[in-house]
Amino acid sequence: MSTECAGFGLSGLGDIIYNIDGSCIREGASSSGSVVYNIDNKYIRAGSSTYGSIIYNIDGNNIRYGSSAFGTIAYYIDGDNIRKDTSDGVIIYIKDGNYIRANY
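Worth saying up front: this structure is predicted, and the values here are computed from it rather than measured.

**A word on the overall build of the protein**
Item 1. Broken down by element type, the protein carries zero helices and 10 strands.
Item 2. Going from N to C terminus, the protein has its helices and strands arranged as β-β-β-β-β-β-β-β-β-β.
Item 3. Relative to its 104 residues, the protein shows a buried fraction of 36%.
Item 4. Within the protein, contacts between residues separated by at least 24 positions form 19% of all contacts whose residues are at least 6 apart in sequence.
Item 5. Accessible surface for the protein amounts to roughly 5,900 Å². Of this, 51% is attributable to carbon and sulfur atoms.

**Let's talk about the nonpolar core**
If you look at soluble globular proteins, the nonpolar side chains tend to sit buried side by side.
Item 1. Core analysis: the biggest nonpolar cluster contains 10 residues, these being Tyr18, Ile20, Ile25, Ile44, Tyr56, Ile63, Ala74, Tyr75, Ile82 and Ile100.
Item 2. Elements represented by at least two residues in this core include exactly β1 (16-21) and β7 (73-78).
Item 3. Ignoring anything within four residues of it in the chain, the contact list for Tyr18 reads Ile25, Arg26, Glu27, Gly28, Val36, Tyr37, Asn98, Tyr99 and Ile100.

**Some words on the packing of aromatic side chains**
Item 1. The full count for this structure, using the stated rule, is five aromatic pairs.
Item 2. Ring geometry for Tyr56 against Tyr65: centres 5.7 Å apart, planes inclined by 35°, an arrangement best described as tilted.
Item 3. Consider the rings of Tyr75 and Tyr93, whose centres lie 6.2 Å apart with planes at 55°: the pair is tilted. You can see Tyr75 sitting in strand β7 and its partner Tyr93 sitting in strand β9 (residues 91-96), a full 18 residues away along the chain.
Item 4. Judged by relative accessible area, Tyr75 falls into the buried class, the value being 19%.

**Thoughts on the pairing of strand β6 (residues 62-65)**
Item 1. With four bridges joining them, strand β5 (residues 54-59) and β6 adopt antiparallel strand pairing. When the sheet's bridge partners are listed, Ile58 is paired in β6 with Ile63.
Item 2. Strand direction decides the pairing type here: β6 and β7, joined by three bridges, are antiparallel. Bridging from a neighbouring strand, Arg64 pairs with Ile73 of β7.

**Here's the deal with the sheet that holds strand β8 (residues 81-84)**
Item 1. Overall, antiparallel pairing links the 10 strands, which are arranged β1-β2-β3-β4-β5-β6-β7-β8-β9-β10 in a closed barrel. Each strand axis lies, on average, 25° off the axis of its neighbour in the sheet, ignoring direction.
Item 2. Note that strand β3 (residues 35-40) and strand β4 (residues 43-46) share four bridges and pair antiparallel. From the neighbouring strand, Ile39 faces β4, where its bridge partner is Ile44.

**A short note on the pairing of β7**
Item 1. Here β7 pairs with β8 via four bridges, running antiparallel. Looking at β8, one finds that Tyr76 is bridged to Arg83.
Item 2. Here β7 folds back onto β8 in antiparallel fashion, the turn holding two residues, of which Gly79 has a positive phi close to 65°.

**Here we look at the side chain of Asn62**
Item 1. By the element assignment, Asn62 lies in strand β6.
Item 2. Setting aside its immediate chain neighbours within four residues, Asn62 contacts Asn57, Ile73, Tyr75 and Tyr76.

**Some thoughts on the environment of Tyr93**
Item 1. For Tyr93 and Tyr18, which are 75 residues apart along the polypeptide, the C-alpha to C-alpha distance reads 10.0 Å.
Item 2. Contacts of Tyr93, omitting those with residues within four sequence positions, involve Ile17, Tyr75, Asp80, Asn81, Ile82, Ile100, Arg101, Ala102 and Asn103.

Definitions and cut-offs
Every chain is numbered on its own, with residues counted from 1 as its sequence reads. Only residues with pLDDT of at least 70 are given local features in this predicted model, and only at 80 or more are side-chain atom pairs given and counted; all residues enter the totals for whole chains, interfaces and linings. Where side-chain values are given, they derive from all heavy atoms of the structure, hydrogens and water being excluded. A helix here means a DSSP run of H or I that spans at least four residues, while a strand means a run of E at least two residues long, and both kinds are numbered starting from the N terminus. We call a residue buried when its accessible area falls under 20% of the maximum for its residue type, exposed when it is over 50%, and partly exposed in between, using a 1.4 Å probe and counting protein chains only. Contact definition: two residues touch when any of their heavy atoms are within 4.5 Å. Here the accessible surface of atoms and residues is derived via Shrake-Rupley with a 1.4 Å probe, and residues count as covered only by protein chains that are part of the display. Only buried residues count toward a nonpolar core, which is a set of Ala, Val, Leu, Ile, Met, Phe, Trp, Tyr and Cys residues joined through side-chain atoms within 4.5 Å. Here the aromatic set is Phe, Tyr and Trp, taking the six-membered ring for Trp, and pairing holds for ring centres within 6.5 Å; pairs whose planes are under 30 degrees apart are stacked, those over 60 apart are edge-to-face, and all others are tilted. In short, DSSP must find at least two bridges between two strands for them to pair. The convention used is that axes are lines fitted to C-alpha atoms, helices contributing only their stretch in contact, and that angles between N-to-C directions extend from 0 to 180 degrees.

Written out as C-alpha cells, the structure reads:
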C-alpha cells in the first residue's frame, strides 16, 4: 500500500534535508521530492510503502537501527534537536515544523 505525501517549500538557515507530511518523509522541501521513508506506527520503513524494509524503530526518544527495541541507537530526539547516537551526542539535524534541517 502506497502513501500519498505532500511537501512544502521553505527557505531559512540550515538546508532542508527532508520534509514530513503525514506518514511520509521526502527528500528536500519539494512536494515532488522522492519518498525515502514511511513512518508506520513505531517503525520507519524504506520507501513509500508500509511493507518496505524496516530501517529504524522509534523507542521513546530513541531511534534505533532495525526492528528490535534493543538495536543500536542511531539518533536521539531532544526536543527539536536530533542528535547522533545518545542524549549527549552531536546535534546533526534540527526539526523545524514539518522540515528536518541540517545543523550547520
